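Examination of the molecular architecture
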Amino acid sequence: MGVSGENTKQGMRDAAFMGAVTASITHEMQNVLAIIQQSAGLMGDLLHASRMESLKSLGFRKGFQYHDKFSTLIAAIGEQVERGSNLSEGLNRLAHVPDSPAETTDLRSATGLLFSLIGRIARKKRIAFVLESGTGDRAPQVQCPPMQALMALYGVAQALIEVLSGCTVQVAVGAAEDDPHVDFILPEGGAGSPPVILPASLVDAQGAGTPCATSLGDRIRLRFPPCPAVAAGG
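So, a few notes on the structure that sits alongside this text. (Residues numbered from 1 in each chain as written. Predicted model: local features only at pLDDT ≥ 70, side-chain atom pairs only at ≥ 80, totals over all residues. Heavy atoms only, no water.)

Comments concerning the environment of Met29
With respect to the helices and strands, the residue Met29 is situated in helix H1 (residues 3-56). A residue is classified by how much of its surface remains accessible, and Met29, at 35% relative accessible area, is partly exposed. When the C-alpha positions of Met29 and Ser85 are compared, they lie 8.2 Å apart, and in sequence the two are 56 residues distant. (Helix = DSSP H or I, 4+ residues; strand = E, 2+ residues; numbered from the N terminus. Buried < 20%, exposed > 50% of the residue type's maximum accessible area, 1.4 Å probe, protein only.)

In structure tokens form, the structure reads like this:
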């Protein structure tokens, strides 16, 4: 086996190790968050009980003087626990990608996963990627391993983050399964937007059976190979 093949195998082993460790940690994080959520819920129940006892006493029993402050704090804890749970769930999904034997990817699911993971990176440039809701059609399945699909999507998103700031990028998943694609629609139809330098690996992938990106003026279109059955009309 050549050096390139051995490096590829080593890279796969490294990815599998990182995925396994990350998946284990995210499960532990979910347990920690669950305990915090339960504790906050108990605090809320005790505050509510205290308020009810105060009302029943017709004012003879003074209520907890910090009731409103604690209620606000408990609500904030709940919001942050939900945020942490969403992040942990996304990270767990990513951790399981390297050990997946799948050669096909649900394009809408992969796109949603990516945006849940890179939210902070985008927010640093005040950019919001908004995935348009589906039209009822089944999201296209593409002939592309999940990790490769995620890396292609990230390549385009990163190229946009490098040149844009303070804007919203609408993202639409193409419903036509014979030409599955993801459109990154530039703000204001691309008017005034600086040139987007796409990764060479995506630009030069035309006809190679891998994801390829093209600038279409008002958007960046990332095309994926359709599944063989769909391409053949099956």
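Let's pick the thread back up.
Details of the nonpolar core
Core analysis: the largest hydrophobic core is formed by 36 residues, its most contacted members being Phe129, Val156, Leu160, Val169, Phe184 and Phe224. Elements represented by at least two residues in this core include exactly helix H3 (107-117), strand S2 (127-131), helix H5 (146-163), strand S4 (167-173), strand S5 (181-185) and strand S7 (219-223). Looking at this core element by element, the count peaks at 9 residues for H5. Ignoring any residue separated from it by four or fewer positions in sequence, one finds Phe224 in contact with Leu107, Val142, Cys144, Ala149, Ala152, Leu153, Pro180, Val182 and Pro211. (Core = buried A, V, L, I, M, F, W, Y, C linked by side-chain atoms within 4.5 Å. Contact = heavy atoms within 4.5 Å.)

Things to note about the sheet that holds S7
What the 5 strands build is an open sheet, ordered S2-S4-S5-S7-S6; its pairing is mixed. Only two strands of the sheet have a single neighbouring strand rather than two, namely S2 and strand S6 (212-215). Strand-to-strand twist across the sheet, computed as the mean angle between neighbouring axes with direction ignored, equals 20°. Relative to S4, S2 runs parallel, the two sharing 5 bridges. The partner of Phe129 across the bridge, within S4, is Val169. (Pairing = 2+ DSSP bridges. Axes fitted to C-alpha atoms, helices over the stretch in contact; angles between N-to-C directions.)

Concerning the packing of H3 against H5
Across the interface, H3 lies against H5 with an axial gap of 10 Å and an inter-helix angle of 55°. The angle between the axes of H3 and H5 places the two elements in the oblique class. Read as a crossing pair, H3 and H5 show a hand that is right-handed. In this structure, H3 contributes Ala110, Thr111, Leu113 and Leu114 to the contact, and H5 contributes Leu150, Leu153, Tyr154 and Ala157. A breakdown of the residues in the contact of H3 with H5 according to their chemical character gives 7 nonpolar, 1 polar and no charged. (Parallel < 35°, antiparallel > 145°, perpendicular 65-115°, else oblique. Left-handed = near helix turned anticlockwise from the far one by under 90°. Nonpolar A, V, L, I, M, F, W, Y, C, P; charged D, E, K, R; others polar.)

Overview of the environment of Ile127
Tracing the chain through its elements places Ile127 in strand S2. The spacing of Ile127 and Ser165 is 38 residues in sequence and 5.9 Å in space, taken between C-alpha atoms. When sequence neighbours within four positions are dropped, the list of residues in contact with Ile127 reads Ala122, Leu160, Ile161, Leu164, Ser165, Gly166, Cys167 and Val169.

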